[in-house]
Structure formats: structure tokens, C-alpha cells
Amino acid sequence: MIKAIPMSYKGTHFRSRLEARYAKALDGYEVKWVYEVEGYEYDGVLYLPDFYLPTMNVLLEVKGPTIPGVEKPANLRKLLESGAVAKVDWWNPEVLILVGDAAGNVSLAGSDERAPLAKCRKCRGYFFLAESHSFECRLCGAHDGDHHLEA
Ligand SMILES: [Zn+2]
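Here is what the cut-offs are and how they apply
Residues numbered from 1 in each chain as written. Predicted model: local features only at pLDDT ≥ 70, side-chain atom pairs only at ≥ 80, totals over all residues. Helix = DSSP H or I, 4+ residues; strand = E, 2+ residues; numbered from the N terminus. Rg over C-alpha atoms; globule rule 2.2 N^0.38 Å. Buried ≥ 20, exposed ≤ 12 C-beta atoms within 10 Å, placed from the backbone. Contact = placed C-beta atoms within 7 Å. Core = buried A, V, L, I, M, F, W, Y, C linked by C-beta atoms within 7 Å. Pairing = 2+ DSSP bridges.

1. Some details on the overall build of the protein chain
Looking only at helices and strands, the protein chain has 2 helices and 11 strands in total. Reading the helices (α) and strands (β) of the protein chain from amino to carboxyl end gives β-β-α-β-β-β-β-β-α-β-β-β-β. Against the globule reference of 15 Å for 151 residues, the protein chain gives a C-alpha radius of gyration of 15 Å, in line with a compact fold. Taken over 151 residues, the protein chain has a buried fraction of 27%. Taking the contacts inside the protein chain whose residues are at least 6 apart along the sequence as the reference set, 43% of them involve residues at least 24 apart.

What follows is the structure, encoded as C-alpha cells:
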């Protein structure tokens, strides 16, 4: 297996170039991110999410071909959806858990459902939209069918 190459960006040390690329891309959309903010333990397994996006309450795991394992975010998503109480003070229980691949495609953890970036007409911000959850803007709460979204 090829090892991921660490990289610094804006004073943050990333484990891989792909993670740094995601940080840059998120900056390009003016999406606030926190890298490896804090681990979360469940069933004796420690999971340290790559990114937390505080303005939209999203955990984003970045998975390139040289970065193994998407089972942790998928398991955490299942756990939360089963109604387990997550006592973590830096996210709320409605957290959306997403996985981004090397091509920049983002989907729900443990699912094929895409979660593309959408732009809200009301607050002008970008957020990851998971249609099966809600069209509601995760930044400002705007909800008007999908009329509040730019094409
Ligand atoms: Zn909005």
C-alpha cells in the first residue's frame, strides 16, 4: 500500500494531501471546518473524524485510495440513527456523517446516497445536502421545498 503523504495547510498538519485538498476546497466555499477536533468512542472503538463543519453540524471523513476504512463513520451513523445517545458536547445528535472520496464526491456514510454541496438563496451559504434527510438549509434553516436552493 502507498502511504499517505502528510501536508500542512494554513498551519494545520494533515495526514494526507487529500485531506488538505478538502480543507482548501471547503475554504473556497467559505465553509468553516475543524480538523480532527476530538475523538469519539463507541463499543470500545475510537473514532477520530477528519473534519467537523460546525456551521452545518456535519462530520466529514475523507477517504482516498490510500486511506483505508470507511466502517467507522458508517458504524457511528448507524449507532446514532438507532437512537443511541451520543454524549459529545461539540456536535448535536442530528449530526450528518459524510464521506468524501478522492474525486471530491461526498456521500452519506455507509450509503451510496450523494450529498452534494448546495447553495442557499436566503443566506447565500453552501451546505451539504442529503435529500433523504431534508432539503432544509443546514446553515440558516430556510426550507421552501427546494426553491431556496440555487440550481
Ligand atoms: Zn441558508
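Now that the structure has been shown, we can carry on.
2. Things to note about the nonpolar core
Of all hydrophobic cores here, the largest spans 32 residues; its most connected members are V58, L59, L98 and F128. Sorting the residues of this core by element identifies α1 (17–28), β6 (51–53), β7 (58–63), β8 (96–101), β9 (106–108) and β11 (126–128) as the ones contributing at least two each. Aside from chain neighbours lying at most four places away, what touches F128 is M56, V58, L96, L98, V106, A115 and L117.

3. Some words on the environment of C137
Residue placement: C137 occurs in the segment after β11. Since 23 C-beta atoms lie within 10 Å of it, C137 is described here as buried. A sequence separation of 90 residues divides C137 from Y47, and the C-alpha atoms of the two residues are 27 Å apart. With residues near it in sequence (within four places) discarded, C137 still touches C120, K122, C123, F127, A142, H143 and H148.

4. Points about the pairing of β7
Buried residues dominate β7, accounting for 5 of its 6 residues. Here β6 runs beside β7; their pairing, made up of 3 bridges, is antiparallel. By the bridge assignment for β7, L53 is matched with V58. The turn linking β6 back onto β7 is made up of 4 residues, and N57 within it adopts a positive phi angle of 55°. Strand direction decides the pairing type here: β7 and β8, joined by 6 bridges, are parallel. Across the sheet, the residue bridging to L59 is I97, located in β8.

5. What about the pairing of β8?
Of all 6 residues in β8, 5 are buried, a share of seventy percent or more. Note that β8 and β9 share 3 bridges and pair antiparallel. By the bridge assignment for β9, G100 is matched with V106. The antiparallel pairing of β8 with β9 creates a hairpin that spans 4 residues between the two strands, and G104 there sits at a positive phi of about 90°.

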